[in-house]
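Survey of secondary and tertiary structure
Spelled out, the chains give:
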Amino acid sequence: MSRTALLVVAKAPVPGLVKTRLCPPATPAEAARIAAASLLDTLDAVRSTPGVRPVIAMSGDLAAATGSAQLRTALRGWTVLGQRGDGFPARLAAAHADTAAAHPGLSVVQIGMDTPQVTPALLTEVCQALGSADAALGLAEDGGWWVAGFRSAADARLLRGVPTSRADTGARTLAALRAAGLRVAASPRLADVDTMEDAWRVADSVPNSRFAASLPVRASRAGGASGDCLR
C-alpha cells in the first residue's frame, strides 16, 4: 500500500526555453536534449521506487518538447498535474497541495529534474525518513536543495516564503522548517545540473545513463560557444 506520493516538478524540455545556462557551450537544441534525458532518467528512478504513487507537476508545452513521445510513454500511469502560482516558490507549494489533494493521506516527497543520478534506493530512504520526521530535506552542492518531503502537505506551504535560485536557499529552507517546529530529517547532499561543468561532473557518476549519452563531447565543447541560447 502506498504511503508516499513521489512528486517530480519539471519543465517541458522545449528548445530555447529550458536549461539555458548550459548555453554556451551547448546549443538550445542540445540543452533541450540534455534536459529530456535528465527528466527521463529521473522518471525511471521514481517508477522503480517501491511503494510510491508517481506524480509530475509540469509547466510548458509537452507537445513541443524534445523527446515528447518518449516522455508521454514514460508518464503512463502517472498523476499529471499542471503548475500554478506566481513565481517558483508559489508553484512548489501549489504542487505539493495539488498532489495531496489528488492523493489524500499520503506524505509528499518532491524532487526536480536536475538530479538524473538519483536512485530508487535514495528515494526510498527519503520516503522512509518521513515515518519518524515531519519533513525531509536534501541540500544541493550549489546551496539549494534537491529534495523536500513533508508528512503533512500543509507544512509544504512554508516553501512559499523562501526565495529560490540563491546560494543560501537550502539553508533558508532548513531554517524555515525548523522555525515552524518541524523535525527535519537530513538527506544526502547531491550535485544538481545548472551549468555544463555540472552536467559533465554528474555524468561521470552515471556513465551508462541517458543523461551521460546526451551530452556533447567534452573536448569539442571546451573552447566556447556552439550557438546562441535564450536567457
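Below: a short report on this structure. (Residues numbered from 1 in each chain as written. Predicted model: local features only at pLDDT ≥ 70, side-chain atom pairs only at ≥ 80, totals over all residues. Heavy atoms only, no water.)

**Thoughts on the overall build of the protein chain**
- Assigned secondary structure in the protein chain consists of eight helices and seven strands.
- Taken against the 2.2 N^0.38 rule, which gives 17 Å for 231 residues, the C-alpha radius of gyration of the protein chain at 17 Å falls within 12% of a compact globule.
- Expressed along its principal axes, the backbone C-alpha trace of the protein chain runs to roughly 50 × 35 × 35 Å.
- The buried share among the 231 residues of the protein chain stands at 55%.
- Considering only intrachain contacts with a sequence separation of at least 6, the fraction spanning at least 24 residues in the protein chain is 71%.
- In the form shown here, the protein chain has an accessible surface area of approximately 10,200 Å², with 52% of it arising from carbon and sulfur atoms.
- Computed over 24 positive and 19 negative side-chain charges, the inter-centroid distance for the protein chain is 5 Å. (Helix = DSSP H or I, 4+ residues; strand = E, 2+ residues; numbered from the N terminus. Rg over C-alpha atoms; globule rule 2.2 N^0.38 Å. Buried < 20%, exposed > 50% of the residue type's maximum accessible area, 1.4 Å probe, protein only. Contact = heavy atoms within 4.5 Å. Areas by Shrake-Rupley, 256 points an atom, 1.4 Å probe, with all protein chains shown as cover. Lys, Arg positive; Asp, Glu negative; His and termini not counted. Charge placed at Lys NZ, Arg CZ, Asp CG, Glu CD.)

**Some thoughts on the side chain of Ser68**
- By secondary structure assignment, the location of Ser68 is in helix 2 (residues 68-74).
- Here the side chain of Ser68 touches Leu62 through a polar contact of 2.9 Å, landing on its backbone oxygen.
- The contact partners of Ser68, leaving out residues within four places of it in the chain, are Leu62 and Ala63. (Polar contact = N/O pair within 3.5 Å; in protein donor to acceptor, adjacent residues only side chain to side chain.)

**Details of the nonpolar core**
- Counting residues in each nonpolar core, the largest one holds 38 residues, and the members touching the most others are Val8, Leu39, Leu43, Ile56, Leu123 and Trp146.
- Going through the elements one at a time, strand 1 (4-11), helix 1 (28-47), strand 2 (52-59), helix 2, strand 4 (107-111), helix 4 (120-129), strand 6 (145-150) and strand 7 (184-190) are the ones with two or more residues in this core.
- Ranked by residue count, the leading element in this core is helix 1, at seven residues.
- Apart from residues lying up to four places away in sequence, Ile56 is in contact with Leu7, Val8, Ala10, Leu39, Leu43, Leu75, Trp78, Thr79, Val80 and Leu81.
- Leu7, Val9, Leu137 and Phe150 belong to the second largest nonpolar core, which has 20 residues in total. (Core = buried A, V, L, I, M, F, W, Y, C linked by side-chain atoms within 4.5 Å.)

**Comments concerning the pattern of salt bridges**
- Enumeration over the complete set of coordinates arrives at eleven salt bridges.
- A salt bridge links Arg210 to Asp41; the nearest nitrogen and oxygen atoms lie 3.1 Å apart. One end of the pair, Arg210, is in helix 7 (residues 210-214); the other, Asp41, is in helix 1, with 169 residues separating them in the sequence.
- In this structure Arg210 comes out as partly exposed when scored by relative accessible area, which is 35%.
- In this structure, Asp168 and Arg172 form a salt bridge, with 2.8 Å as the shortest nitrogen-oxygen distance.
- You can call Asp168 partly exposed: its relative accessible area is 27%.
- One connected set of salt bridges, linked through shared partners, spans Asp41, Asp44, Arg47 and Arg210. (Salt bridge = Lys/Arg side-chain N within 4 Å of Asp/Glu carboxyl O.)

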